[in-house]
Amino acid sequence: MQNARKRAAISGVATIVLVLPAASFAQSQAPAVSPAVLADDQAQETSDPRATGTPADNKEKDGEPEKATPLSRIIVPFYELLSPRSRADVGTTTLDQEGFTVRTDGSGDANSALRGLPNVQYQNETDTDAGIDGQKILDTRPELLSISGGRTYENNFIVNGIPTNTVTGSVERYGNSELASDTNTPNADRFYGLHPQTIFVPSDFVDSVTVVDSNASARYGNFQGGVVSYELKKPNTERWTGTASVKVESDKFVSYNIATTDGTNPLERKPPEFTKIKSSLSLSGPINEIFSMIAQYSRTDATTKKQKDYIYYSGDIREDSLNNFFRLQFDAKTDYGLFSLEGMVTDYTQGYESPNWRDMRVDVSTRTYAGKLEHSYTFDTVETPLGRILGLTLDTKAVVSHSSTRNQTNSDTARVYQIRQGTRTASQWTSSDPDILSWCRLDPTTTTNVICYEGGYGANKVQEQTQYLFGQNVTGSIWAGTFEAGFDLTHTNARRTRESDFTYYTRVNTLWDARSLGLSQFNCLGSEACGPDQYAIFKSIWAAFDNTTTLNSADAWLQLEQTFGWLTVRPGVRLQVDDYQKNVNIAPRIAATLTPTERIELSAGFNRYYNGASLAYAIRDNQPRGQSYVRSHDGSGNVTDDWTMRTPTGVYGNRASDLRTPLHGRMGGRPQGHRPAHRRCVPPSLCEPRDEGPVCCGGSRRQCQGTDQFRHRGLRIRHRRICQDLERGAVPLPRSPDADCLLHLVRPGAVARQLLL
């Protein structure tokens, strides 16, 4: 991991939003109505003779038709369609359960639904390797993603208000590649299986997800990329309901191509075999008039089978993984507010066995326990010296969580053996040691060196964190908008340890290397990695260590949002302090939206975000480096256990306590114009529920609903429309005058398709 340093970036954020005419939305969605407007409407209805059945109604009875009542236009702003929170939330996208489900890829990973959202990119989107890797199949953890150009570990993940971030760090300075089927020798310094998220959310249980990529509210902190907040399904208070699902993947549905140059298979290698079974179960309902509950369980089993390398007699390897998720929540609706008690558990294990070693196995596991007690209460109208507050809501929560990632291996010693020395044209020496040749053989397709490996990857390793959090948040309506304020107090215990020394004998001397002495065998005067025709000449030792640290942090925020005609302004500020870096971080937040016409919204903002993973540096400080040693034989071929230390390597330094907290600043705003989207209508058959993307449809009284999303000169614009009461058949609309306008057609419950207009 690189030393902490101040990192600032400037990026422009400008949005022009298309709002459709009111007629398109009149039947689909109505805007929120303020109490004052509602009172005026009620007064008008009371004074209207038509509303009370007065004698004015006799005109119709006398044969005179009643005059039509003109209806007011209803404008539904574009921001309310993607996220009904605020007009200032132009960087916020909210997917409800239906919109979320259509975006998932069926893997059970909730993160898969975020693909295609603005400013969201997955870590392996540009991977061009089309091969099948057993470890990729076994890995059922959430996909890694980047938001707004941030690193995959710089996001803030929240599940039902519980922070689920690995504050101890998920990236190593010693190489970031996870274990793969073709991994030869794992890195002894690295902890495998670390992930930015501590809770692995199953997609079956998600009720909605909110993604913030810019103009984040002051309530969100401890990130430099973006925010992902999952809301899981809530207890059903009306009746008992249950769901169950099972999904199966298998190599039986996959065909393989031999990747050799000539298309032959000289070593008779077998294709990998795999099976993945995902199941989930959910039960929810009322216990009585006050209490309700929900219980959920998800399980993903994956197994693979592959061959060892030819020199290990092509034995079979079976690897498996198990991803368990448990959740239990009780709600109590009382006169004193809503009380909620919730617990979640993620229990993940993944086995790895190297095909290039005789017996190396590494079991990677992540276990997380999280519990939350929450209370929410809404007060009556509150009179204050600053004005009347409506809908004043106080949310209080206490959270306890523990997460641990462990690497457990079969041995804390590893060794290499050489059974042949040779060149590309000829073999120079082969081993005759029966103990080695019983499990390692020569490769008949080459005459070069053949090296065999035995042992484990190293001593068991653990990285864990325990967090205690208490926080309150208050919201309400005041003046011409809303306000929000709150605080979080967090105490974190962190630990990173290698439980014992790890010794790796990395190189050998053979009788061929000592051929000038004319030896028939070596004389092993010690018992350490020595045999009759070879012995270990180099070894490295990684010493045991146990790093622990604590962190106390406090966060507070204040935000006000007001609307004045065309203009909505949301200023805010967030304060962050901790006792490790001892910095006072002030993060200003301001966003403004101007709506000069029904079709145009201009947005601009200046926001600063601070990283919240300073413990990642603290627990890696003073971790011992591997230390190398060397020995040799004497003129008679005698080998002892006397080793000489080579250049001292010391420890890794990751101290960041005297540096400023890494931050990310974003500001921007530039007006741009665009033409409204043109729609291309398609035949009525595309309106059927089984299809994947209706735009407009024909047929009597038939409706299709979806979302148009297109890019134009760097802008991403989305709007929802309803097509109804069209003539039967396709109804062509004007072709887009912009050839570079890419239209994404999305229908709830279907997969997106793309049309180039």
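Residues numbered from 1 in each chain as written. Predicted model: local features only at pLDDT ≥ 70, side-chain atom pairs only at ≥ 80, totals over all residues. Heavy atoms only, no water.

> Could you clarify how one ought to interpret the overall build of the chain in this entry?
The secondary structure content of the chain amounts to eight helices and 38 strands. The buried share of the chain, reckoned over its 757 residues, is 48%. Taking all contacts inside the chain whose residues are at least 6 apart in sequence as the whole, residues at least 24 apart take part in 73%. Carbon and sulfur atoms form 52% of the exposed surface of the chain, whose accessible area is close to 36,800 Å². (Helix = DSSP H or I, 4+ residues; strand = E, 2+ residues; numbered from the N terminus. Buried < 20%, exposed > 50% of the residue type's maximum accessible area, 1.4 Å probe, protein only. Contact = heavy atoms within 4.5 Å. Areas by Shrake-Rupley, 256 points an atom, 1.4 Å probe, with all protein chains shown as cover.)

> What should I look at first to understand the state of the cysteines in this one?
Linking two cysteines covalently via their sulfur atoms produces the bond known as a disulfide. This structure, assessed with the given rule, holds two disulfides. Covalent S-S linkage joins cysteine 440 and cysteine 452, the inter-sulfur distance amounting to 1.5 Å. Of this pair, cysteine 440 sits in the loop between helix H7 (434-437) and strand S19 (450-455) while cysteine 452 sits in strand S19, and the two are 12 residues apart along the sequence. Relative accessible area serves as the criterion here: at 0%, cysteine 440 is assigned to the buried category. The disulfide partner of cysteine 524 is cysteine 530, and the gap between their sulfur atoms is 2.0 Å. In this structure, the disulfide formed by cysteine 524 and cysteine 530 twists by about -80 degrees around the S-S bond and is classed as left-handed. The partly exposed category is assigned to cysteine 524, whose relative accessible area is 32%. Across the chain, the way the bonded cysteines pair up, counted in sequence order, is 1-2, 3-4. (Disulfide = S-S within 2.5 Å.)

> What's the story with the pattern of salt bridges in this structure? I'm lost.
Where side chains of opposite charge bring their charged atoms close, a pairing between them can arise. Under the defined criterion, the tally for this structure stands at 29 salt bridges. Here glutamate 319 and lysine 306 are joined by a salt bridge, their closest N and O atoms 3.3 Å apart. In this pair, glutamate 319 sits in strand S12 (residues 316-334) while lysine 306 sits in strand S11 (residues 291-307), placing the two residues 13 residues apart along the sequence. Comparing glutamate 319 with lysine 306, the two get one shared label, buried. (Salt bridge = Lys/Arg side-chain N within 4 Å of Asp/Glu carboxyl O.)

> I would appreciate a short explanation of the packing of aromatic side chains in the present structure.
Ring pairs (aromatic) are described by centroid distance and by the angle formed between their planes. All chains considered together, the criterion is met by 15 aromatic pairs. Judged by centre distance (5.4 Å) and plane angle (25 degrees), the ring pair of phenylalanine 502 and tryptophan 542 falls under stacked. On the criterion of sequence distance, the pair formed by phenylalanine 502 in strand S22 (residues 502-510) and tryptophan 542 in strand S24 (residues 534-542) is long-range, its members being 40 residues apart. The same class applies to phenylalanine 502 and to tryptophan 542, which are both buried. Every member of this aromatic cluster is reached through a ring pair, and the members are Trp357, Tyr453, Phe502, Tyr504 and Trp542. Sitting over the ring of tyrosine 310, arginine 441 keeps its end group 3.8 Å from the ring centre. Sitting over the face of the ring of phenylalanine 191, arginine 496 holds its NZ or CZ atom 3.9 Å from the ring centroid. (Phe/Tyr/Trp six-rings, centres within 6.5 Å; stacked < 30°, edge-to-face > 60°. Lys NZ or Arg CZ within 6 Å of the ring centre and 35° of its normal.)

> What is the right way to read empty space enclosed by the protein from this model?
Space left empty within the atom packing is revealed by a probe, the size of a water molecule, rolled over the atoms. Summed over the entire model, instances satisfying the criterion amount to six cavities of 30 Å³ or more. Forming the boundary of the second largest cavity are 14 residues, of which Thr166, His195, Thr198, Ser403 and Thr405 lie nearest the centre. Mapped onto the lining of the second largest cavity, the elements with two or more residues apiece are strand S16 (387-409) and strand S20 (461-478). (1 Å grid on protein atoms, 1.4 Å probe; cavity = no way out; pocket = protein on both sides within 12 Å on 5 of 7 lines; lining within 4 Å. Points joined across faces, edges and corners; volume = space filled by probe spheres on them.)

> Hey, could you run me through the environment of threonine 503 in this one?
Considering the arrangement of structural elements, one finds threonine 503 in strand S22. Under the relative-accessibility criterion, threonine 503 is labelled buried at 15%. For the pair threonine 503 and alanine 543, spaced 40 residues apart in sequence, the C-alpha separation works out to 8.7 Å.

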